[in-house]
Structure formats: structure tokens, C-alpha cells
Amino acid sequence: MDLDDTPEQAAYRAQVRSWLDEHSSEAPVLQGPGALTDEDEIIAARRVWQGKLAEGGLAGVTWPKEYGGQGLGPIEQVICNQEIARAKVPGILDAIGVGMLGPTIIAHGTDEQKGRYLGPMLHGDEVWCQLFSEPAAGSDLAAVQARARQQDDGSWRLSGQKVWTTNAQFASYGLLLARTDPDVPKHKGLTLFIVPIDAPGVTVRGLRQISGEAEFNEVFFDDVALDEGAVVGGVGNGWGTALTTLMYERVTIGLGGEGLGYNSTRFAAALARDPDARRDPEVRHQLGQIASELLAVRFTGYRTLTALQKGQIPGPEAGLAKVTIVNGAIKAGDLIADVIGPDALSQDSEWAYMISFLPGLKSAGGTEEILRNTVGERVLGLPPEPRLDKGIPFSELRSKEGAPA
Amino acid sequence: MNLALSDEQEFLREAARGTLSRFKTVQAAREALDGEQGALPDLWPTACEAGWPGLLIGEAHGGAGLDAFDAMLVMGECGRVLAGVALLGHLPATAILDDSPNAAELMADLASGARRAAYLPAQPPGDLDERWSADPASGFARGDLPVAGEGGRDSDNGRVALTGSFAFVPDAPGANVLVGVALRDGLPVGVAVLADAPGVQVRPVTRYDVTRSLGHVTLKDSPAVVLDAPVESLTGAWHLAQALIAAESLGSVETALEVSVAYAKERFTFGRAIGSYQAVKHSLTEVLRQLENGRSLLYYAGWARRGAPGEFALAANSARSVASRALDHAARTMISVHGGIGATWEHDAPLYFRRAQLSRRLLGGTGSATDRVAGELLAQADAA
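How each quantity is defined
Residues numbered from 1 in each chain as written. Chains lettered and ligands numbered in written order. Predicted model: local features only at pLDDT ≥ 70, side-chain atom pairs only at ≥ 80, totals over all residues. Helix = DSSP H or I, 4+ residues; strand = E, 2+ residues; numbered from the N terminus. Rg over C-alpha atoms; globule rule 2.2 N^0.38 Å. Buried ≥ 20, exposed ≤ 12 C-beta atoms within 10 Å, placed from the backbone. Contact = placed C-beta atoms within 7 Å. Core = buried A, V, L, I, M, F, W, Y, C linked by C-beta atoms within 7 Å. Axes fitted to C-alpha atoms, helices over the stretch in contact; angles between N-to-C directions. Parallel < 35°, antiparallel > 145°, perpendicular 65-115°, else oblique. Nonpolar A, V, L, I, M, F, W, Y, C, P; charged D, E, K, R; others polar. pLDDT = per-residue confidence, 0-100. Left-handed = near helix turned anticlockwise from the far one by under 90°. Expected span 1.5 Å × (residues − 1). Arc of directions from axis to C-beta. Pairing = 2+ DSSP bridges.

A.B. asks: I'm lost on the overall build of chain A in this one. Help?
C.D. replies: When helices and strands are counted, chain A shows 12 helices and 8 strands. For chain A, whose C-alpha radius of gyration is 22 Å, the value lies close to the compact-globule estimate of 22 Å for 405 residues. Expressed as a percentage of its 405 residues, the buried residues of chain A come to 41%.

Listed below in C-alpha cells is the structure:
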């Protein structure tokens, strides 16, 4: 039992570190003195930086070599992330594309799609976004209503709305889950498409949240034309193809908890500054409880890494770590704000930002309720909730819900 | 990165499960609660056959030379079936003695289990409380450690006379050697006392969970050997005890969860298995969430004891804090998932509930472990 690198991992770490030593002065500065402030400038600078990371082999670590990646495993990806964090430079801009959507195209895309899209994605020349969730399809993702109709010439027309879309405001392409056949049960009539965000009929609108900042977007599609080659993974196979993306999402979230900055060290430091709070039994008790659980998540991450190293794929129980992190951070935010008082809620406070962000994060990547359902059924083997949508064509289902399909 | 069981550890755990399955420990617990004398099996001979007494004793002294995590695996198996194996007392005591060159002559018998040791729990100072303290026989205020006085004509040979008391000492009844901490000139020293030495009294006490052997220990001018274990070994023993009771608790959580899940699949209401209802499903996944968190912290503690000694206190106490809450929750969930039957004498659930209720109040209690997590992190923040 150890947390050490193997000799091969240590060699890889040294290689990454030496590249960063040489190039980190070229990275855009996002914090502290001299930091960029203009949003467009930041994005432009981060695109260039992603290109450099890709050239240095620090982007697409797990991608096959033939697509410009390094052909390495998830452990090397984690080592690379750790070294980038250690060098205090930004990581790649398009983590969603390179981490989730690229691997989906590699697994299910045509040779033409791979040749056209993967290179510019990896180098940050074209940023991607994930167009899955809709206002009425989140936890029940297979309920998507965005509708693509095939034309006589084989091309497609797309109409509908997506939501919670990160990076859409500067993305070139999106990977979109649409309904192509409403007359079959809902998991069967879905297809995945590559959609150019600059196509006529696409509208991107920022979605402001509690903090007042727009972390996400809504994206609207009004009779958008797509050619036949936009389909990924075959017509009607959208659900299975989308599950590939979601699997990569789970791995990304499972290994990225600490990256969110919700950790015991940061929270303890905030309380340590108050000489009275740090002696208060109730504050200490709360801190001890919250910190214990967050420490546990750190070591759950190491257990996950060990499993990945052995070639195992993390199961749905990884979702429980997300529940622990979010609820722990919510409690920590409450405790710290109780100690600091109203100043914790001032506009420029890191705690105000965290407190505002967490209620939404609780539903991100699956609500707590749906995660608990999934874990209860897949891990504990408990019987599923009775479902009223099994085997029923989507159009019929919609009319039962009192809305047109 | 390797945070998984080795093949040897898998084998140790499976062997422990197999060994303990030969005894009907849970049934015996109920019979013992009913006052049946001798219902509880004596598991020490079995532990000796399996080599458990020597888990933390070096090979040079006849032990297995294994580490805390291996001991935690065995404790977990004991916890699964509520087996009282006297390891919670024996193992921390042997950890101190193994660090004490002048205790070498005791070690062979302790490693084989021919003689049994019990750890006199002494809580080391924290960031707010500078004293060493002992669990009190009752109430909230913590007790003082025994003071070592001059031991008469043998005092030149490191012998002292001890006077003081320890309450609720795990596995003290029947132990041959009592190992703990005393104050000499205001400084902590490791001490070993033979249970049959003059002035030593061990009074067995039973509280709520009859599977747990406890004793109140009083010492009156009792001759003791001052051990030459370093002070880190004395603080480490307390934290080790926290990690061991955490592991034992999580073993009980495993059983509570398995039994509850099985029932939730077979019990139907309103035409559906109750496990299909979100309210039941979600409370069972909450047990699993806490269990998984606790397991991860056992890995942390198991690694930190040798791999990052400066973090062992944080690791062990966070494991205790999470595991203890997990068992509280799991035992209550086990009862409520079973409905009224779960609260009856015939069911196993109350036995796990009794285990939870007593465990959380031993060895300083869960609250002090949680407080120490805070203290350790605040100190880390100061140092950063």
C-alpha cells in the first residue's frame, strides 16, 4: 500500500515537469498581478496555450497516438493534471471536448469525422460543447425533445432547445442528442449529431445563476440544416453512443473533486484565522465532521486511481463521492459564513461565490436523487422504481403527459 | 499509487471470515443478553491459532510483523459478526511493547497469545488541552493519568509504583499485562503492569453490549516497569486504537447493510418490494456512502501510520469519526427498514444497535475523535 509513482510513472512525471519548467512562462496569467481581465482575451490566450500543451503532449494524454494523443492511461492523465496544477498554470480550455466528446468520436465516429474534427479540437482551434440536457430532460436524459427530421436528400433539419451548456458562447461545434423517431420507445429513437454552432438558426444565450454570473448557456435551434455526415454512431443509436460520453464524464468528475477546491485544508485555513472560532466546540465539531468526509473523498479518489491502474472502470458508486463533496462544501460554506458573518456574503468574497454556486452544482451531472437511485439499483441491487415509460413509444408518452410530442 | 488489498491481505481477511464463521457469535450475543452464563464462546484460542495476537509484533519477537491495516482487516471481520476477540485491548498494547526494547522478554508469549495484554487508554494532549487524560468512570470531565512514584528498592531498574485508575478498559478482564501511560515528573512514560501484581484490581463491567469485554482498572502502589518506548509510540497507540475500533465498526456496518438490503428486496408493501421506494433506497445508499467513506479513511490510516506518521492522528481520528457515525446510522436504518420486527428481541438488529451505542462512547468517544480532526487541521493550517 503506497501513494508512490511506479518508476515508469515517475519518469513520465519528470518529463511533464521538465516541459512545464521550460514553457510555463508562456502560459496566460489568470490570477494575481498582471492577470488578464477581458473575457475574450482570456479565451483567446487559453486557446493558444491549449495548442502549446497539445504540442508538448500535455493534452489528449489518453487519446490514441494516431489522433495526436499520447496513447497513455488515466493515471498518466492524472499525473499530467497534478503537474499542471503544481506549475500554477491553466490547464486545457476545452476539457469537455478533449475529455469526453473527443473520446466519443474516437469510439463511434466515422474516419471522415475523426480526420476533420479531432485535430482542431485537441489544439484548441475549435472548442466543443455538450448538447445533451434540456429543460425537460436532465436526470431523465432519454426524454430529450430536440427533434431532427431527415429530408428526402438525406440531410437533416433540427429544432429544439438545450440548456446547461458550458462553453457554448465560444464553441465551434457541439455534440447534440436529438430525437429522430418519436414513434418508438424513448431510448430507441435517439441520434447523436455534430452541430456547427455558427450554423444559421443556432442562438446561444448566457444563463445567469445565483451569483449573477453566467456559467452556462441556453442554446436554441430553429430549423437548423445538418448534412448527412453529421450523424455520429448511426441513426437510432444515440442513447448507446451518449452513454460513452457519460462514462467519460463520470471518470472526469470522479477524479476531479479535489480540483474544485472543496477540500478540508482550504476550509480549515479559513477558520484557523479566527482565534475564537477555532476554540469553539461547536465550530470544531462541525469542522471535524465535514473535513473527515472530504478527506475520505480524497482517498476514495486514490482507490479509484488504483482500480484504473489495474484496468478496472469505476462503477456508479463514484457518484457517491460527488454527493459527499457537494454536501460537505455546502456545510462548510454555512459554517465559514456563520463564523465570518455577513462579510462572507460580500460581492467579492470567495465564500459568497461558493455558496451561490453549490445549490446548482447539487443537480449537475445528475441530481442527488437520481444518483442515489442509480447506486441503489446498480451497486446494492435494489429493485428499480416502477416505470411508466417502458416500451411505450415516445409520442404516446408525451401525449399522456399532456403535451404534444 | 497502490491503495488496494494485496493478495496476502485478501487471504488474511478471507481466512478471518472463515475462522469466525465456525462460531455462532451473533446468536451467542442474544443468549448472553438473556443471562445465559457461558453463552459467549472463548475466541482467544482461535485467535492464537490464526496468529492474530502477534499481528503487530515484529518477526524478531515471534510476531507476524504486519501493520495497522492488516490488524484493521481482522477487526473488521470481528465487527461483522460481533465477535469479542480481545484484540482491541491487546493490539495497541503490543504496539507500545514492540517499540520498547526493555519489554523484549514479554514478547514471545504475547505474540503467541499464551499471555494477553490490554491497553490502558490514555488520550494524548490536543491543541486545546495540554494534558494527557483517561476516560472517566462517569460524567463529562476527563480523568488524570496515574502518577508514577518511586518503586522502593527496585527503582534503579526502571521500576515505579503506580497509583490511579482507568475506566472502561477494553478487554481488561483476564488480561495478563496492562500497558499504558503514566506521568513521571509531569512527563508521559509508557508503563507495563502485571495484572496479578500487588494493588492491581480489574473489575469487569458490562454495559448494554454484552459482546464487549470491559473492565475498570485501579492501581494502588502497583509495581510497574517504565518502558523505553518513545512518546510517539504512546500517542500512536491511542490513535491506533481509534483506527481499530473504526475498522471494527465498519465491519458491523457491512453486516447491517447486507441484512437490510436483503430484506428490502424480499419484503413487499402495496405490491412492490420496499427497496424500490426511494425513501428506503436512499437511506440504504446513505449507509453505503458512509461505509465507503469510512473504508477510504481506513486506507488513509493504514498507509499513514508508516507512510506519513505526521498525518496518522488526522487519518485515524477521521476514520473513527466517520465509522462511528456510520454505525450509528446503519444500526438505526437496519431497525427502521425492518419495521417493527427490527426492534424486537428476536431480531439481530438490536444487537448491532447495542454495539453502536456502546462503541461510540468508548476510547474517548466519537466526539473527541471528531474534535481532534479539527485540531489537527487547524494546526496544519497554522504551519502552512
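A.B. asks: Would you mind showing me how to read the overall build of chain B here?
C.D. replies: Helix and strand counts for chain B stand at 11 helices and 9 strands. Overall, the C-alpha framework of chain B stretches about 80 × 55 × 45 Å when taken along its three principal axes. Scored against the burial criterion, the 384 residues of chain B give a buried share of 54%. Residue pairs in contact within chain B that sit at least 24 positions apart in sequence constitute 73% of those at least 6 positions apart.

A.B. asks: For this particular structure, what's the right way to read the environment of Y262 of chain A?
C.D. replies: Residue and element names in this part refer to chain A. With respect to the helices, strands and loops of the structure, Y262 is situated in the loop between helix 6 (238–256) and helix 7 (264–272). Overall, Y262 belongs to the buried group, with 23 C-beta atoms counted inside 10 Å. C-alpha separation for the pair Y262 and M354, spaced 92 residues apart in sequence, amounts to 9.2 Å. Residues within four places of Y262 in sequence aside, it is in contact with L294, I325, G328 and A329.

A.B. asks: I'm lost on the nonpolar core in this one. Help?
C.D. replies: Across soluble globular proteins, you tend to see nonpolar side chains buried next to one another. All names here are of chain B. If you look at the biggest cluster of nonpolar residues, it comprises 165 residues, and the most contacted ones within it are V191, L244, A301 and A319. With 17 residues, helix 7 (residues 231–266) is the single largest residue contributor to this core. Sequence-distant contacts of A301, defined by excluding residues within four places in its chain, comprise A68, A243, F312, A315, A316 and A319.

A.B. asks: What exactly am I supposed to notice about the packing of helix 9 (residues 318–340) of chain A against helix 8 (residues 278–307) of chain B here?
C.D. replies: Geometry of a packed helix pair, given as the angle between the helix axes and the separation of the axes. Running from N to C, helix 9 of chain A and helix 8 of chain B point in directions that differ by 90 degrees, and their axes come no closer than 10 Å. As the angle between them shows, helix 9 of chain A and helix 8 of chain B are arranged roughly perpendicular. Touching L320, V323 and T324 of chain A of helix 9 of chain A are L288, R289, E292 and N293 of chain B, all from helix 8 of chain B. For the contact of helix 9 of chain A with helix 8 of chain B, the residue count by class is 3 nonpolar, 2 polar and 2 charged.

A.B. asks: So what exactly am I meant to see when it comes to the interface of chain B and chain A here?
C.D. replies: Interface extent is often summarised as the accessible area lost during association of the parts. Listed as interface residues are 43 residues of chain B and, on the opposing side, 45 residues of chain A. The biggest single contributor to the side of chain B that touches chain A is helix 8 of chain B, with 16 residues. Grouping the constituent residues of the side of chain B that touches chain A by class yields 21 nonpolar, 15 polar and 7 charged.

A.B. asks: Mind showing me how you'd approach the confidence of the model for chain B here?
C.D. replies: Caution applies to low-pLDDT regions: their predicted coordinates should not be interpreted in detail. Looking at chain B as a whole, its pLDDT mean stands at 96, while 98% of the residues score no less than 70. Model confidence for the complex: the whole-complex pTM is 0.94, and ipTM, which rates the interface, is 0.96.

A.B. asks: Looking at this structure, I do not really get the packing of helix 4 (residues 68–80) of chain B against helix 7 of chain B. What am I missing?
C.D. replies: Residues and elements named next belong to chain B. The geometry of helix 4 relative to helix 7 is characterised by a closest axis approach of 7 Å and an angle of 40 degrees between their N-to-C directions. Considered as vectors, helix 4 and helix 7 are oriented oblique to each other. The two elements helix 4 and helix 7 meet at a crossing, and its hand is right-handed. Of the residues in helix 7, those in contact with A68, A71, M72, M75, G76, E77, C78, G79 and R80 of helix 4 are L240, A243, L244, A247, E248, S249, L250, G251, S252, E254 and T255. Within the contact of helix 4 with helix 7, the residues separate by chemical class into 10 nonpolar, 6 polar and 4 charged.

A.B. asks: Which parts of the structure should I look at to understand helix 1 (residues 7–23) of chain A?
C.D. replies: Owing to its 3.6 residues per turn, the α-helix brings residues three or four apart onto one side. All names here are of chain A. End to end, helix 1 covers 24 Å across 17 residues, agreeing with the expected 24 Å (1.5 Å per residue, within 8%). Within the sequence span of helix 1, burial applies to Y12, V16 and L20. On an axial view of helix 1, the arc spanned by its buried residues comes to 70 degrees, and they lie on one face. In helix 1, those exposed residues whose orientation departs by more than 90 degrees from the buried face are P7, A10, A11, A14, S18, D21 and E22. Buried positions along helix 1 lie against helix 3 (74–86).

A.B. asks: Where do I start with the pairing of strand 3 (residues 159–170) of chain B in this structure?
C.D. replies: Strand residues, when the strand is regular, have side chains that alternate between the two faces of the sheet. All names here are of chain B. In this structure, strand 2 (residues 147–150) lies alongside strand 3, joined through 4 bridges in antiparallel fashion. If you follow E150 over to strand 3, its bridge partner there is V160. The pairing of strand 3 with strand 7 (residues 214–227) spans 9 bridges and is antiparallel. Of the residues in strand 7, the one forming a bridge with F166 is V217.

A.B. asks: Is there a simple way to explain the environment of M72 of chain B in this structure?
C.D. replies: Residue and element names in this part refer to chain B. Within the fold, M72 resides in helix 4. Each C-alpha atom of the pair M72 and Y299 lies 9.6 Å from the other, and the pair is 227 residues apart in sequence. Contact partners of M72, with chain neighbours within four places excluded, come to A243, L244, A247, L298 and G302.

A.B. asks: Got a minute to help me understand helix 6 (residues 104–112) of chain B in this structure?
C.D. replies: Residue and element names in this part refer to chain B. Three or more residues of helix 6 are buried, namely L106, M107, L110 and A111. One face of helix 6 carries all of its buried residues, which in axial projection span an arc of 125 degrees. Against the buried residues of helix 6 lie helix 5 (87–98), strand 1 (117–119) and strand 4 (177–184).

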